[in-house]
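Coordinates in review
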Amino acid sequence: MRHAFLLAGMMLATVACTFGDLENVFVADPNHPAIEYSTRPLKDPVSELNRKIQAGEVRLNFDESQGYLRSVLGALGIPIESQIVVFSKTSVQMFRIDPHNPRTLYFNDSVAVGWVRGGPIVELAAEDPTQGVIFFTLDQKATEKPEFRRQEACLICHVSYSSLGVPGMLVRSVFPGPDGTPIRELGDYITDDRSPVEQRWGGWYVTGRTGSIRHMGNAIVTDSARPESMVANQTVNLKSLKGKFDTDGYLSPFSDVVGLMVFEHQMHMVNLFTRVGWEVRLAQYQERMDKALRNHGVTDGLLRDMARELVDYMLFVDEASLGNKIQGTSGFAEAFSTEGPRDSKGRSLRQFDLQRRLMRYPCSYMIYSEAFDSMPDQVREAAYEQMWQILSGEEKSHKYSKLSLADRQAIVEILRETKKGLPDYFRPVTH
């Protein structure tokens, strides 16, 4: 297993150098006239649900065990099978969280919900199609019309290098001490689908089979001089969380490994959509204000660079190989795979591989999201052009050789039948 013995700041810099320019800080204020993060009307799912509750169109039910949690998940269309469980103290409710009382997260394509047993709030992060991630809390007190309250205080942690410098999602793998406190001097990892599995899930519970693949989940550092000793046979390949802590009051005894992998991929994808959209909106605003910038075509060069990084991630170009079969336990993989459009051959971008890589057809299902469709037109067009260069085989760079002809053919065929607004130049691939 590769180990992290660097300071967190040094590791973030390393990740930035490895994975692209968008890891740098977004230079403008989020409330710049081109962005208006705090003031523009919201269209995220939680804001929409809020409006329906206040109008009396939806009613949330409160129970003594989980408060509003189960009702919120149902109202937002979030499956219980998506439950993933984190025991590190890396949340606003950190003082209630430890290995014996972990925090659970639930998610779908646009919303993540956090819950801590005995906690006073439900936490929510919802993706607005143009504004990025918006943060809310819901008080765990029974009332006629409960209200989700926007929480910009969350930006203290949720705007950082880890979120690409915009309000976004954080997925970290840490070295947790016995009470769940991250041992900061050992560093941490920012994880997504490009991260080796051995570096993932420190501070998380993980259920499912990874075979001989080691990971940092389910483990606690008891000897900071030898942090690698935290990983042992008994910390991998757990069938359920029963026995790890008292699961009474939790909706599920699982923290599904496939759910964790999808969550990691999706959170970075969400951050990319936001960052790319914001960068181009800012550049377009500056060009409108300064004719000299417009004459130099600043936005054109920016679009090319942004589209390349966005599309590389959408096509899993730098994805870490698995090398072993991975299998979940909660039913998440089965539930996730049944959603989304299928082509006439029954194929879907939500189908899994889990032997060599995450997805059977390596193109992100997030291409169907409102966030993708709501990016500035020029960004979306540049992304499609870059994607076609790669999928058609016209792009000859060695880094794209892992996309086989069969992969490229299948992706294009699926998109041609299922993706609204796909440009006409996406034709069947022959070479």
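This text follows the structure it describes.
This write-up is about the structure you can find in this document. (Residues numbered from 1 in each chain as written. Predicted model: local features only at pLDDT ≥ 70, side-chain atom pairs only at ≥ 80, totals over all residues. Heavy atoms only, no water.)

Here's the deal with the overall build of the chain
Helix and strand counts for the chain come out as 11 helices and nine strands. The C-alpha radius of gyration computed for the chain amounts to 22 Å, which stays within 12% of the reference 22 Å derived for 431 residues, consistent with globular compactness. With the C-alpha coordinates of the chain rotated into their principal frame, the extents come out at 60 × 50 × 45 Å. Scored against the burial criterion, the 431 residues of the chain give a buried share of 57%. Partitioning the intrachain contacts of the chain with sequence separation of at least 6 by distance along the chain shows that 65% fall at a separation of at least 24. Carbon and sulfur atoms make up 50% of the accessible area of the chain, which amounts to about 18500 Å² in all. (Helix = DSSP H or I, 4+ residues; strand = E, 2+ residues; numbered from the N terminus. Rg over C-alpha atoms; globule rule 2.2 N^0.38 Å. Buried < 20%, exposed > 50% of the residue type's maximum accessible area, 1.4 Å probe, protein only. Contact = heavy atoms within 4.5 Å. Areas by Shrake-Rupley, 256 points an atom, 1.4 Å probe, with all protein chains shown as cover.)

Details of the pairing of strand β5 (residues 132-139)
Look at any regular strand and the pattern is simple: side chains alternate between the two faces of the sheet. Buried residues dominate β5, accounting for seven of its eight residues. In this sheet, β5 lies alongside strand β4 (residues 121-128) in antiparallel orientation, the contact comprising eight bridges. Within the sheet, the bridge partner assigned to Ile121 lies in β5 and is Asp139. As consecutive antiparallel partners, β4 and β5 are separated by three residues. (Pairing = 2+ DSSP bridges.)

As for the pattern of salt bridges
For the coordinates displayed, the defined rule picks out 23 salt bridges. A salt bridge links Arg51 to Glu48, with the nearest nitrogen and oxygen atoms 2.6 Å apart. With Arg51 and Glu48 both in helix α2 (residues 45-54) and three residues apart, this pair spans about one turn of that helix. Across the salt bridge formed by Arg194 and Asp192, the nearest N and O atoms sit 2.6 Å from each other. (Salt bridge = Lys/Arg side-chain N within 4 Å of Asp/Glu carboxyl O.)

Regarding the pairing of strand β2 (residues 103-107)
Burial of β2 is extensive: five of the five residues sit out of reach of the surface. Residues of β2 alternate between two faces, with Arg103, Leu105 and Phe107 on one and Thr104 and Tyr106 on the opposite face, all of them buried. The pairing of strand β1 (residues 84-86) with β2 spans three bridges and is classified as antiparallel. In the sheet register, Ile84 faces β2, and the bridge partner there is Leu105. When β2 meets strand β3 (residues 111-116), the two strands line up antiparallel, connected through five bridges. Bridge assignment links Thr104 to a residue of β3, and that residue is Trp115. In sequence, β2 turns back onto β3 through a hairpin of three residues.

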